[in-house]
Structures are given as structure tokens and as C-alpha cells.
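Chain and residue survey
What follows is each chain in one-letter form.
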Amino acid sequence: MSETTAILVGASSMLSKEIAKQLSASGMKLVLLTQAPETLTDLLPSLPATTQVIPFDISDDKQLINQLTELWQQLGNVQLVLVNTGLNSYSPELPWQLEQEIIDVNVKGFAAVCNTCFRLFREQGYGQIAAINSIAGLRGGPSVAFHASKAFAINYLEGLSMHAQRLKLPIDITDIQLGLLDKAAMQQSSLWLSPVEEVARQIVRALLLRKRRVIVTKRWRTVAWLTKLLPEYIYNTRHWKQKKRK
Ligand SMILES: NC(=O)c1ccc[n+]([C@@H]2O[C@H](COP(=O)([O-])OP(=O)(O)OC[C@H]3O[C@@H](n4cnc5c(N)ncnc54)[C@H](OP(=O)(O)O)[C@@H]3O)[C@@H](O)[C@H]2O)c1
């Protein structure tokens with residue numbers, strides 16, 4: 001694992017910082033791309049491996065493609081790109097502005113990063129693209145654009161994996177689907193919430209094992225399985241609530 005570099009795209013979240021700590025402890029050099037470099041000042045001294053922080057804006061696709069390409073030329077030997085950008089928001093009025101922002105970050109920005117890194121890995125001859133995604137992508141939901149954007153990500157990653165196989169290239173694609181942690185946090189449910197260190201540990205393990213797809217934490221696997229299986233009249237709990245009120 002020594003002398004290899006990992007790029008983390010969207011490095012400022014609590015989960016990203018914990019993943020950075022664990023990857024750095026495994027000996028990987030890190031390049032942290034973030035729209036908020038100042039939020040990483042406290043983290044840097046705690047990372048044992050060489051780390052670079054670079055300002056980055058996922059909403060500007062043309063600039064990010066140039067930036068990634070230039071960065072690649074400087075770095076050489078990039079082993080892993082982990083995409084951890086994501087935007088989620090909910091308003092019952094469904095204002096277009098909100099939906100558009102989610103689509104810009106979670107669909108357009110996400111695809112631009114994955115597409116560019118795939119092409120750069122293809123030239124390099126090997127590598128791994130991973131993304132922190134969500135089981136929200138398995139079905140539609142009230143955060144309409146968010147659920148749909150995560151479905152896009154699941155589908156996009158599967159397509160890249162198939163494409164790498166078709167080209168017979170050792171490029172691994174890892175889709176890390178998180179449970180609906182925000183929802184669990186709001187319900188103060190310790191049954192569903194795991195400490196961020198444990199979430200990061202399961203993610204880093206899946207990365208190092210180059211898994212194709214993983215649900216984190218493990219306890220969300222049953223929810224994911226049921227989510228896919230249930231017919232809409234049971235999955236959509238609004239149906240039951242309306243019936244109860246009558
Ligand atoms: N937290 C949860 O409960 C949960 C549950 C299921 C799935 N997920 C998904 O897991 C991934 C990581 O989630 P997380 O909790 O670590 O962090 P998060 O708060 O969802 O954000 C992850 C990163 O996205 C970037 N980002 C956020 N808003 C942005 C915006 N408007 N424009 C550009 N970049 C923006 C930030 O990167 P920088 O500031 O570093 O640029 C941030 O570090 C996301 O894709 C999220 O949708 C999260």
C-alpha cells in the first residue's frame with residue numbers, strides 16, 4: 001500500500017475526515033479536494049502520511065475536468081479516487097432551484113469526476129474509482145431529486161464497471177451504499193446509527209478489498225433488501241397513514 005496515492009473528492013465532511021485518517025494510517029499518500037480547505041486545518045497534523053489539500057468546486061464541470069487532468073500529471077501512480085460529494089435537501093414545495101442544485105452536484109458533478117478519472121485510469125492502465133452513495137438510490141422518495149440522483153450514481157458505477165471489463169482493464173469500481181443515517185439521527189435511533197469511526201472502518205475495508213458493491217453499515221443490508229422487494233403499496237408508508245386517518 002506504500003507509495004500509492006488516493007484522491008478524496010469532497011473531503012470536508014466528518015465521514016471524509018475519518019476515512020482520510022484511516023487511509024493515511026494504512027500508508028497512502030492523500031490528496032484532499034474540497035470547496036472548503038480551511039475546514040481541514042485541524043485534521044492535517046493528525047495524518048501520518050504525506051497529504052495535500054487542493055481547493056475544488058464540483059459544480060464547475062469544465063474546470064474540474066482540467067483540474068483533475070493537471071493534478072494527475074503532477075502526481076503519477078494514483079491508486080484510488082474516492083468521490084464523497086453529495087447534496088441533500090427537502091422542501092415539500094419542491095422548488096426547482098433546490099432540485100437543480102442537487103442534480104448539479106450529485107449527477108453532473110459526480111459524472112464529470114467519475115468519467116474524467118476513468119479516462120485517466122485507462123491511460124494509466126489500472127486503478128480504483130469508489131463513491132460513497134446511498135441506499136436511497138434503490139427506490140424513489142420524498143427528497144425526489146436526491147433519491148433519483150443516487151439511482152443515477154448506482155447505474156453509472158455499474159456501467160463503468162462493465163466498461164472496464166469490456167476493455168479488459170484492471171480498473172475496480174466500488175459502490176458504497178450508506179444507510180439513511182440522517183433519518184436515523186433525527187429519530188435518535190442508536191439501533192440504526194453507528195459511530196463514524198465504525199462507518200469509516202467498514203468503508204476502508206471495502207476499498208482495500210476492492211469490493212464492487214457494499215452496504216454500510218452491515219445492519220442496513222436487510223433494509224436495502226426489503227426496500228427493493230416491497231410492492232409500492234407497502235413501501236409507500238403514506239398509503240397506510242392516510243388509511244389510518246379515515
Ligand atoms: N450522512 C448521511 O446520513 C448519508 C446517508 C446516506 C448517504 N449519504 C451520502 O454519502 C455521501 C457522503 O455523505 P457525508 O455525510 O460524508 O457528507 P455530506 O454532508 O453529504 O457531503 C459530502 C461532501 O459533499 C460536498 N458538498 C456538499 N454540498 C456541496 C455543494 N453544495 N457543492 C459542492 N460540494 C458539496 C462537501 O465537500 P467539500 O466541502 O469538501 O467540497 C462534503 O464534504 C454523500 O454522497 C451523501 O449523499 C450520506
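On a predicted model such as this, the values are computed, not experimentally measured, just so you know.

Topic: the side chain of T174
Along the chain, the position of T174 falls in strand β6 (residues 171–178). Taking relative accessible area as the criterion, T174 reaches 0% and is therefore assigned buried. The contact partners of T174, leaving out residues within four places of it in the chain, are Q128, I129, A130, A131, L157, L207, R210, K211 and R212.

Quick word on the site of the ligand
Around the ligand lies a shell of 22 residues, among which S12, S13, T34, Q35 and N84 are the nearest. Between the ligand and the protein, one listed contact pairs an oxygen atom with a backbone N or O atom of A11 at 2.9 Å. Interatomic distance of 2.7 Å between a side-chain N/O atom of T34 and an oxygen atom of the ligand. With the chains in place, 80% of the 860 Å² that the ligand exposes on its own is no longer accessible. Counting residues per element, the ones that place at least two in the shell around the ligand are β5 (127–134), α4 (144–166) and α5 (181–186). Here the shell around the ligand gets three residues from one element, more than from any other, and that element is β5.

Regarding the packing of aromatic side chains
In the structure shown here, the tally under the stated rule is three aromatic pairs. Relative to Y156, the ring of F110 has its centre 6.3 Å away and its plane inclined at 75 degrees; by these criteria the two rings are edge-to-face. Here Y156 lies in helix α4 and F110 lies in helix α3 (residues 96–124), a separation of 46 residues in the sequence. For Y156, a relative accessible area of 23% puts it in the partly exposed group. Seen from the ring of Y235, R139 lies directly overhead, with NZ or CZ sitting 4.1 Å from the centre.

A look at unusual backbone geometry
Here the bond from V216 into T217 is cis, since omega is -5 degrees, no more than 30 degrees from zero. As for its placement among the helices and strands, T217 is situated in the loop between β7 (213–216) and α7 (220–229). Its identity is not glycine, yet L94 carries a phi of approximately 50 degrees, on the positive side. As for its placement among the helices and strands, L94 is situated in the loop between β4 (78–83) and α3. The backbone phi angle of K168 is positive, close to 55 degrees, even though this residue is not glycine. Inspection of the secondary structure puts K168 in the loop between α4 and β6. The exposure class of K168 is exposed, given its relative accessible area of 73%.

Notes on a positive patch on the surface
On the surface, a cluster of positive charge is contributed by R205, K211, K218 and R221. Of note, K211 is situated in the loop between α6 (196–208) and β7. Judged by its relative accessible area of 38%, K211 is partly exposed.

Here we look at the pattern of salt bridges
Taken as a whole and judged by the stated rule, the model has four salt bridges. The shortest N-O distance in the salt bridge between K21 and E18 comes to 3.9 Å. With K21 and E18 both in helix α1 (residues 14–25), this residue pair falls three residues apart, about one helical turn. We classify K21 as partly exposed; its relative accessible area is 37%. Measuring nitrogen to oxygen at the nearest pair gives 2.2 Å for the salt bridge that ties R210 to D172. Placement of the pair is R210 in the loop between α6 and β7 and D172 in strand β6, with a sequence separation of 38 residues.

As for the nonpolar core
The nonpolar side chains of a soluble globular protein tend to be buried, and buried together. One finds I7, L33, V81 and V113 to be the most contacted residues of the largest nonpolar core, which totals 31 residues. Ranked by the residues each element gives to this core, the list is headed by α3, at nine residues. Look past the residues within four positions of V81 in its chain and what remains in contact with it is I7, V9, W72, C117, F121, Q128, I129 and A130.

About the cut-offs
- Residues numbered from 1 in each chain as written.
- Predicted model: local features only at pLDDT ≥ 70, side-chain atom pairs only at ≥ 80, totals over all residues.
- Heavy atoms only, no water.
- Helix = DSSP H or I, 4+ residues; strand = E, 2+ residues; numbered from the N terminus.
- Buried < 20%, exposed > 50% of the residue type's maximum accessible area, 1.4 Å probe, protein only.
- Contact = heavy atoms within 4.5 Å.
- Near = heavy atom within 4 Å.
- Polar contact = N/O pair within 3.5 Å; in protein donor to acceptor, adjacent residues only side chain to side chain.
- Areas by Shrake-Rupley, 256 points an atom, 1.4 Å probe, with all protein chains shown as cover.
- Phe/Tyr/Trp six-rings, centres within 6.5 Å; stacked < 30°, edge-to-face > 60°.
- Lys NZ or Arg CZ within 6 Å of the ring centre and 35° of its normal.
- Patch = residues over 30% accessible without salt bridge, like charges linked within 9 Å, V, L, I, M, F, W, Y side chains within 5 Å.
- Salt bridge = Lys/Arg side-chain N within 4 Å of Asp/Glu carboxyl O.
- Lys, Arg positive; Asp, Glu negative; His and termini not counted.
- Charge placed at Lys NZ, Arg CZ, Asp CG, Glu CD.
- Core = buried A, V, L, I, M, F, W, Y, C linked by side-chain atoms within 4.5 Å.

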